[in-house]
Amino acid sequence: ALEGGQDAILVSSGMGAVTGALLLLLKAGDHLILTDECYHSTLNFCEKFLPRYGVESSLVPHGDYAAIEAAIRPNTRLILSESPTNPFNHCLDLKRVVEMAHSRGVKVMIDSTFATPLNLRPLDYGVDLVVHSVTKYLAGHNDLMAGVVIGSVKELTPLRQMQALFGQIV
Ligand SMILES: *Cc1c(COP(=O)(O)O)cnc(C)c1O
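Reading the values: the criteria
All residue numbers refer to position in the chain's written sequence, counted from 1. Owing to the predicted nature of the model, reporting of local features is limited to residues with pLDDT of at least 70; listing and counting of side-chain atom pairs is limited to 80 or more, with chain, interface and lining totals taken over all residues. The side-chain numbers reported here are obtained from all heavy atoms of the structure, hydrogens and water having been left aside. By convention in this document, the label disulfide applies to cysteine sulfur atom pairs within 2.5 Å. Burial classes: relative accessible area under 20% of the type maximum marks a residue as buried, over 50% as exposed, and values in between as partly exposed (1.4 Å probe, protein chains only). We count a stretch as a helix when DSSP gives it H or I for four or more residues in a row; a strand needs E for two or more, and each element gets its number in order from the N terminus. For Phe, Tyr and Trp, rings pair up if their centres lie within 6.5 Å, where Trp contributes its six-membered ring, and each pair is then called stacked (planes under 30 degrees apart), edge-to-face (over 60) or tilted (otherwise). Only one rule defines a salt bridge in this text: a Lys or Arg side-chain nitrogen within 4 Å of an Asp or Glu carboxyl oxygen. Every axis in this analysis is a line fitted to C-alpha atoms, fitted for helices over the stretch in contact. Angles between the N-to-C directions lie between 0 and 180 degrees. Comment on the angle field: the value is read as roughly parallel under 35 degrees, roughly antiparallel over 145, roughly perpendicular from 65 to 115, and oblique elsewhere. Crossings are classed by handedness, with left-handed meaning an anticlockwise turn of the near helix from the far one by less than a right angle and right-handed meaning a clockwise turn. Contacts are residue-level and defined by heavy atoms, with any inter-residue pair within 4.5 Å sufficient. Gly counts as polar in this scheme, as do all residues outside two lists: the nonpolar Ala, Val, Leu, Ile, Met, Phe, Trp, Tyr, Cys and Pro, and the charged Asp, Glu, Lys and Arg.

Moving on, we get to the state of the cysteines. A full pass over the atoms with the stated rule returns zero disulfides. In this structure Cys46 is a free cysteine whose sulfur lies 6.8 Å from that of Cys38, the closest cysteine sulfur available. Judged by its relative accessible area of 1%, Cys46 falls in the buried class.

Take a look at the structure:
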């Protein structure tokens with residue numbers, strides 16, 4: 001409700017949200033564009049783990065829109081970015097990225113952990129999926145771990161089906 005999303009899936013950590021969404025959206029032969037300046041474990045997962053499953057990633061400078069556009073290939077499925085970034089607080093022109101992605105049939109996922117829905121609602125700009133480490137500001141008291149994936153019912157129904165299979169249960 002805070003993000004203005006149709007549906008949300010709560011998982012046991014922020015990384016559970018990021019990796020669950022990536023494993024759902026991507027399959028062998030797909031290509032992912034990731035902006036640098038992202039959470040170190042997200043970068044680690046995309047660079048060290050996804051290649052084992054045949055998913056290639058391109059790392060582009062955060063905020064370099066020409067580089068993002070140039071990195072789009074026929075098999076690009078997703079652009080993953082953060083706004084603001086952890087830890088440098090750089091913001092992204094979401095409308096611009098969404099326009100360039102959707103015109104090429106590419107989805108956009110934003111890790112909005114640092115923004116919180118109080119400051120930014122990426123879905124309002126056409127972003128397909130929003131993830132949060134609920135462990136951070138959303139929980140607020142440094143006493144629990146959780147993650148959330150927010151989006152349309154259509155995007156999230158397959159993820160909910162996958163959730164039990166992967167054991168990402170809260
Ligand atoms: C902390 C953080 C994560 C990972 O969250 P956990 O709940 O610790 O797994 C992912 N993305 C960002 C931007 C974060 O700050």
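Let's shift gears to unusual backbone geometry. In this model, Ser83 is joined to Pro84 through a cis peptide bond whose omega is -10°. Topologically, Pro84 is positioned in the loop between strand E4 (76-82) and helix H4 (94-102). Residue Pro87 is bonded to the preceding Asn86 through a cis peptide linkage, with omega at 10°. Within the element layout of this structure, Pro87 appears in the loop between E4 and H4. In this model, Thr116 sits at a positive phi of 65°, which is unusual for a non-glycine residue. When you line up the elements, Thr116 lands in helix H5 (residues 116-119).

By convention here, two paired aromatic rings are described through the distance between centres and the angle between planes. Scanning the model with the defined rule gives three aromatic pairs in all. Ring centres of Phe49 and Tyr53 lie 5.3 Å apart, and the angle between their planes is 35°; this geometry places the pair in the tilted category. A ring pair is formed by Phe114 and Tyr137, whose centres lie 6.0 Å apart and whose planes are at 65°; its orientation type is edge-to-face. A residue pair is termed long-range when its members are at least 10 positions apart, and Phe114 in the loop between strand E5 (107-111) and H5 and Tyr137 in the loop between strand E6 (129-133) and strand E7 (147-151) qualify at 23 residues. Exposure remark for Phe114: the relative accessible area of 22% places this residue in the partly exposed category. The exposed category is assigned to Tyr137, whose relative accessible area is 51%. A network of ring pairs unites the aromatic residues Phe45, Phe49 and Tyr53 as a single cluster.

What follows is about the pattern of salt bridges. According to the stated counting rule, one finds seven salt bridges in the structure shown. The partner of Lys95 in a salt bridge is Glu99, with the nearest N and O atoms 3.9 Å apart. Here Lys95 pairs with Glu99, and both are found in helix H4, just four residues apart, close to one helical turn. Among the residues examined, Glu99 registers a relative accessible area of 49% and is labelled partly exposed. In this structure, the salt-bridge partner of Lys107 is Glu155, at a minimum N-O distance of 3.2 Å. Placement of Lys107 in strand E5 and of Glu155 in helix H6 (residues 153-166) is noted, with a sequence separation of 48 residues between them. With relative accessibility at 13%, the residue Glu155 sits in the buried group. The network of salt bridges with shared partners includes Lys27, Asp30 and Arg77.

Turning to the packing of helix H1 (residues 14-25) against helix H2 (residues 40-49), a few remarks are in order. Two elements in contact, H1 and H2, have axes whose closest approach is 10 Å; the angle formed by their N-to-C orientations is 30°. Between H1 and H2, the interaxial angle falls into the category roughly parallel. As H1 runs across H2, the sense of the crossing is right-handed. Contact residues: Met15, Val18, Thr19, Leu22 and Leu23 in H1; Ser41, Thr42, Phe45 and Cys46 in H2. Classifying every residue of the contact of H1 with H2 gives six nonpolar, three polar and no charged.

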